[in-house]
Amino acid sequence: MFRLPPVTGWLIAINVLIHVVRVLLPPAQDDVVEQYFAVHTSSLFHDFGPIDLVRLFTYQFLHGGWDHLGANMVFLLAIGPGVERPAGRIPYLIIYFSSGIAGALVEAALADPSRDDILVGASASISGVFGALIVIWQLYRLGDKPLGLLRMAGLLIAMMAITGILGVGAPEGTPVGWLAHIGGFLAGMAMGFVVRPGQRRP
């Protein structure tokens, strides 16, 4: 816990720093930040341009509030080292950002075109790290009655869908990008098989 791997530490620090800067900005300027650096789900595939490519990365560093940021960073602190240490820094970064991108693409692909929703947060990225963690450490094989990979993945996806639809953990009236969580999770699991080291957990 006290020897945090560097990439996880830097990701947490950058996320916190960006949120602090946003809090200090006047509301009008913060609205501009969201306008240009968050993902607009209803229009992403209609007029995709260079700015949208940038947004697929930058949205991962924007959060809807301290509670949103805090929950994500605590989760990243808990699971990030379990992927960064065995997989390595570069593969870990690839998993993190690629999962965030995959999550945004899934959310946008299934978005209601009549709504101008924006997607912010590192939840899809962290869901991908969690998916990779399950594969790398073969958590689906642990315990007296292992679930198996498909059953564990199905259970976790169902939990993401239910909590997302019900808005669990989100302020009242704030939609949760649960499709992004699922997209990121599946992408992370897939990449976990690619970067999984040869040694197995005893």
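Anything mentioned here points back to the structure above.
So, here's what we can say about the structure. This one's a predicted model, so the numbers in the text were calculated from it and none came from an experiment. (Residues numbered from 1 in each chain as written. Predicted model: local features only at pLDDT ≥ 70, side-chain atom pairs only at ≥ 80, totals over all residues. Heavy atoms only, no water.)

**So, the side chain of Glu107**
Applicable threshold: Strands are runs of DSSP state E lasting at least two residues, helices are runs of H or I lasting at least four, and both sets are numbered from the N terminus onward. We call a residue buried when its accessible area falls under 20% of the maximum for its residue type, exposed when it is over 50%, and partly exposed in between, using a 1.4 Å probe and counting protein chains only. For the purpose of counting charges, residues Lys and Arg are taken to be positive, whereas Asp and Glu are taken to be negative. His and the chain ends are not included. By definition here, a salt bridge exists when the distance from a side-chain nitrogen of Lys or Arg to a carboxyl oxygen of Asp or Glu is within 4 Å. Counting of polar contacts relies on pairs of N or O atoms within 3.5 Å, with two restrictions inside protein: one atom must be capable of donating a hydrogen and the other of accepting it, and residues adjacent in sequence are counted only when both atoms are side-chain atoms. Residue contacts are defined here by distance: any two heavy atoms, one from each residue, within 4.5 Å place the two residues in contact.
Secondary-structure assignment places Glu107 in helix α5 (residues 89-109). Arg115 provides the closest opposite charge to the buried, unpaired Glu107, separated from it by 8.7 Å. Among the polar contacts listed, one links the side chain of Glu107 to the backbone nitrogen of Ala180, at a separation of 2.9 Å. Setting aside residues no more than four positions away along its own chain, Glu107 makes contact with Thr41, Leu119, Gly177, Trp178, Leu179 and Ala180.

**Looking at the packing of helix α4 (residues 66-87) against helix α6 (residues 123-136)**
This is how it is decided: In this description, a line fitted to the C-alpha atoms serves as the axis of each element, helices being fitted only across the stretch in contact, and the angle between N-to-C directions of two axes falls anywhere from 0 to 180 degrees. By convention, the crossing between two helices is left-handed when the near helix turns anticlockwise from the far helix through less than a right angle, and right-handed when the turn is clockwise. When residue character is reported, Ala, Val, Leu, Ile, Met, Phe, Trp, Tyr, Cys and Pro are called nonpolar, Asp, Glu, Lys and Arg charged, and the others, Gly included, polar.
At a minimum axis distance of 9 Å, the contact between α4 and α6 shows a crossing angle of 35°. Viewed along their axes, α4 and α6 form a crossing whose handedness is left-handed. Residue-level inspection shows His68, Asn72, Met73, Phe75, Leu76, Ile79, Gly80, Gly82, Val83, Pro86 and Ala87 of α4 in contact with α6, the latter providing Ser123, Ile126, Val129, Phe130, Ala132, Leu133 and Ile136. Partitioned by chemical class, the residues of the contact of α4 with α6 number 13 nonpolar, five polar and no charged.

**Structural notes on α5**
For the α-helix, the turn length of 3.6 residues means that residues three or four positions removed from each other point alike. Short version of the rule: Given a helix with a known number of residues, its expected span is that number minus one, times 1.5 Å.
In this model α5 runs 30 Å from its N-terminal to its C-terminal C-alpha over 21 residues, within 8% of the 30 Å that 1.5 Å per residue would give. The complete set of buried residues in α5 reads Tyr92, Ile95, Tyr96, Phe97, Ser99, Gly100, Ile101, Ala102, Gly103, Ala104, Glu107 and Ala108.

**Things to note about the environment of Leu25**
With respect to the helices and strands, Leu25 occurs in the loop between α1 (6-24) and α2 (27-37). Remark: the alpha-carbon pair of Leu25 and Leu156, spanning 131 residues in sequence, is separated by 37 Å. When sequence neighbours within four positions are dropped, the list of residues in contact with Leu25 reads Asp30 and Val33.

**Re the environment of Leu179**
Locating Leu179 in the fold gives a position in helix α8 (residues 178-195). When the C-alpha positions of Leu179 and Gly103 are compared, they lie 6.9 Å apart, and in sequence the two are 76 residues distant. Those residues in contact with Leu179 that sit more than four places away from it in its chain are Val106, Glu107 and Leu110.

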